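Results of the structural survey
The chain contents come next:
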Amino acid sequence: MIKTIGVLTSGGDAPGMNAAVRAVTRTAISKGMKVLGIRRGYNGLINGDIIELTERSVSDIIQKGGTCLYTARCHEFRTSEGVDLAVEKCKEIGLEGIVVIGGDGSFRGAADLSAKGILCVGIPGTIDNDISCTEYTIGYDTAMNTALEMVDKLRDTAQSHDRCSVVEVMGRNAGYIAVNAGIACGATEIITQEMPYDLDNIAKKMLETRKSGKQHFIIMVSEGIGNSSEIAHILQEKTGIEARATILGHVQRGGSPTVRDRVIASQMGHYAVELLAQGIGNRVVAMQNNSITDFDIQEALSMKKPFEEDLYNIAREIAF
Ligand code: F6P
């Protein structure tokens with residue numbers, strides 16, 4: 001059986017990554033393995049920025065946002081020289097398997113390492129929920145709840161001033177946060193990159209509903225659309241209703257993980273080590289039909305995730 005494994009977090013941090021590191025560490029130790037924490041993503045593997053993790057060193061982190069292992073995007077690792085350096089380091093320190101917590105970019109690195117004989121298992125960790133093979137990515141629930149809390153506050157001030165609040169939430173390539181936080185906060189309109197939108201129509205609807213007594217408006221914009229200040233400006237011009245734009249930004253990446261994020265991170269961390277213990281690598285842990293499963297990394301990377309169009313349509317139908 002594999003004796004030493006590593007764990008790293010890579011790409012954007014996400015609340016719940018610490019819970020996953022804790023689960024990986026404790027599951028592996030309970031199976032008699034040694035666990036190394038690789039810091040700052042793949043950089044740590046190339047530079048040897050590695051620490052031993054014990055049951056106690058992962059105490060008191062389950063409730064913390066961010067990642068105790070730090071994270072980074074590693075440009076050197078995208079080159080074959082970088083991958084070779086990492087493989088050399090693994091051999092030097094006897095690292096036989098690695099759990100990689102991150103997004104698609106991080107899984108590509110895990111596939112490269114797996115191809116060179118280092119067993120790697122990916123765990124989906126990103127607030128965007130934009131990993132195709134899985135219904136859920138660690139951090140998503142916390143991020144949506146943070147966005148919701150912020151929009152509830154913005155609604156107070158929009159209501160007080162009879163204004164329109166244009167709120168931009170994260171999701172560079174996917175509008176999942178926008179749709180779900182949008183329906184949950186009762187947004188008047190949700191603008192995401194997956195669906196066409198027309199500012200003339202939105203302005204018209206705002207004016208119609210004003211007549212029926214609606215005084216303030218929340219327009220949820222996904223980061224992939226960008227230009228939320230411009231959207232606010234245009235809507236103000238077209239409707240005469242004062243509009244303000246707020247970009248929530250990185251606040252959505254922080255904070256104590258929700259129950260859902262802690263539970264799923266714990267399940268996925270445990271599952272990843274079970275795979276490594278069986279000598280299985282080149283896999284991504286995923287959630288399908290609410291159960292934890294796994295996919296070949298290349299297969300996972302080639303999958304397409306459907307957009308939640310039904311939810312988007314419901315949100316719009318009940319918005320006015
Ligand atoms: O992938 C998570 C995410 O927060 C995206 O929603 C956002 O576009 C991106 O990361 C921001 O990256 P950075 O922290 O490097 O600015």
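Structure report, in brief.

The rules behind each value
- Residues numbered from 1 in each chain as written.
- Predicted model: local features only at pLDDT ≥ 70, side-chain atom pairs only at ≥ 80, totals over all residues.
- Heavy atoms only, no water.
- Helix = DSSP H or I, 4+ residues; strand = E, 2+ residues; numbered from the N terminus.
- Rg over C-alpha atoms; globule rule 2.2 N^0.38 Å.
- Buried < 20%, exposed > 50% of the residue type's maximum accessible area, 1.4 Å probe, protein only.
- Contact = heavy atoms within 4.5 Å.
- Areas by Shrake-Rupley, 256 points an atom, 1.4 Å probe, with all protein chains shown as cover.
- Lys, Arg positive; Asp, Glu negative; His and termini not counted.
- Charge placed at Lys NZ, Arg CZ, Asp CG, Glu CD.
- Near = heavy atom within 4 Å.
- Polar contact = N/O pair within 3.5 Å; in protein donor to acceptor, adjacent residues only side chain to side chain.
- Nonpolar A, V, L, I, M, F, W, Y, C, P; charged D, E, K, R; others polar.
- Axes fitted to C-alpha atoms, helices over the stretch in contact; angles between N-to-C directions.
- Parallel < 35°, antiparallel > 145°, perpendicular 65-115°, else oblique.
- Left-handed = near helix turned anticlockwise from the far one by under 90°.
- Core = buried A, V, L, I, M, F, W, Y, C linked by side-chain atoms within 4.5 Å.
- Expected span 1.5 Å × (residues − 1).
- Phe/Tyr/Trp six-rings, centres within 6.5 Å; stacked < 30°, edge-to-face > 60°.
- Lys NZ or Arg CZ within 6 Å of the ring centre and 35° of its normal.
- Pairing = 2+ DSSP bridges.

**Topic: the overall build of the protein chain**
Broken down by element type, the protein chain carries 11 helices and 11 strands. For 320 residues, the compact-globule estimate of 2.2 N^0.38 gives 20 Å, and the protein chain sits close to it at 22 Å. Across the 320 residues that make up the protein chain, the buried fraction comes to 54%. Sequence separation of 24 or more characterises 75% of the internal contacts of the protein chain that already satisfy a separation of 6 or more. About 13,500 Å² of surface is accessible on the protein chain, with carbon and sulfur atoms providing 47% of the total. Computing the positive centroid from 33 side-chain charges and the negative centroid from 40, the protein chain places the two 4 Å apart.

**Regarding the site of the ligand**
Every residue close to the ligand is listed here: R73, T126, I127, D128, M170, G171, R172, E223, H250 and R253. Taking G171, its main chain carries an N or O atom lying 3.2 Å from an oxygen atom of the ligand. Between R253 and the ligand, the recorded distance is 2.8 Å, taken from a side-chain N or O atom to an oxygen atom. Tallied by class, the residues present in the shell around the ligand amount to two nonpolar, three polar and five charged.

**Quick word on the packing of helix α7 (residues 199-211) against helix α8 (residues 228-239)**
Remark: α7 packs on α8, axes separated minimally by 9 Å, with the N-to-C direction vectors making an angle of 55°. For the element pair α7 / α8, the angle class is oblique. Once α7 is placed against α8, the crossing between them reads as right-handed. Packed against α7, whose contacting residues are L199, D200, I202, A203, M206 and L207, the element α8 presents I231, I234, L235, K238 and T239 at the interface. Among the residues making up the contact of α7 with α8, the classes are represented as eight nonpolar, one polar and two charged.

**Some details on the nonpolar core**
With 60 residues, the main nonpolar core has I5, V7, I123, I177 and M220 as its most contacted residues. In this structure, M220 is in contact with V151, V167, V169, A178, A181, G182, C185, A187, E189, I190 and I191, ignoring residues within four places of it in sequence. Ranked by size, the runner-up nonpolar core spans 28 residues in total, among them L8, L45, F77 and F295.

**Considerations on α8**
At 3.6 residues per turn, the α-helix brings residues three or four places apart onto the same side. A rise of 1.5 Å per residue sets the reference length of α8, with its 12 residues, at 16 Å; its end C-alpha atoms lie 16 Å apart and thus fit the reference within 8%. Residues of α8 that are buried make contact with β6 (164-169), β7 (189-191), α7, β8 (217-222) and β9 (243-247). Directly beyond the C-terminal end of α8, a positive phi value near 80° is found at G240.

**Observations regarding the packing of aromatic side chains**
Applying the stated criterion across every chain yields a total of four aromatic pairs. What links up through ring pairs into an aromatic cluster is the set Y176, F307 and Y312. In this structure, R260 packs its charged tip against the face of Y136, placed 4.3 Å from the ring centre. Just above the ring of Y176 sits the side chain of K305; from NZ or CZ to the centre is 5.2 Å.

**Section: the sheet that holds β7**
Strand order across the open sheet formed by four strands is β7-β8-β6-β9, with parallel pairing between neighbours. Two strands in the sheet have a free side with no partner beyond their single neighbour: β7 and β9. Averaged over all adjacent pairs, the angle separating strand axes in this sheet is 20°, with direction ignored. Across five bridges, the pairing between β6 and β9 is parallel. For E168, the partnering residue across the bridge sits in β9 and is I247.

**Comments concerning the side chain of E189**
Looking at the secondary structure, you find E189 in strand β7. Engagement of the side chain of E189 in a polar contact is seen with the side chain of R316, the distance being 2.7 Å. Excluding anything up to four places from it in sequence, E189 contacts I202, K205, I218, I219, M220, Y312, R316 and F320.

**A look at the sheet that holds strand β2 (residues 34-38)**
Strands in a sheet are paired, the pairing made by backbone hydrogen bonds, and the direction either parallel or antiparallel. Strand order in the open sheet formed by seven strands is β3-β2-β1-β4-β5-β10-β11, and the pairing between neighbours is mixed. Since the sheet does not close on itself, it has two edges, and those belong to β3 (50-53) and β11 (291-296), each with one partner. Averaged over neighbouring strand pairs, the angle between their axes works out to 30° when direction is ignored. Judged from the six bridges that link them, strand β10 (residues 283-288) and β11 form a sheet pairing that is antiparallel. Note on β11: the bridge partner recorded for Q288 is S291. Sitting on the sheet, helix α4 (residues 104-115) touches β4 (97-102), β5 (119-124) and β10, and the angle it makes with β5 is about 165°.

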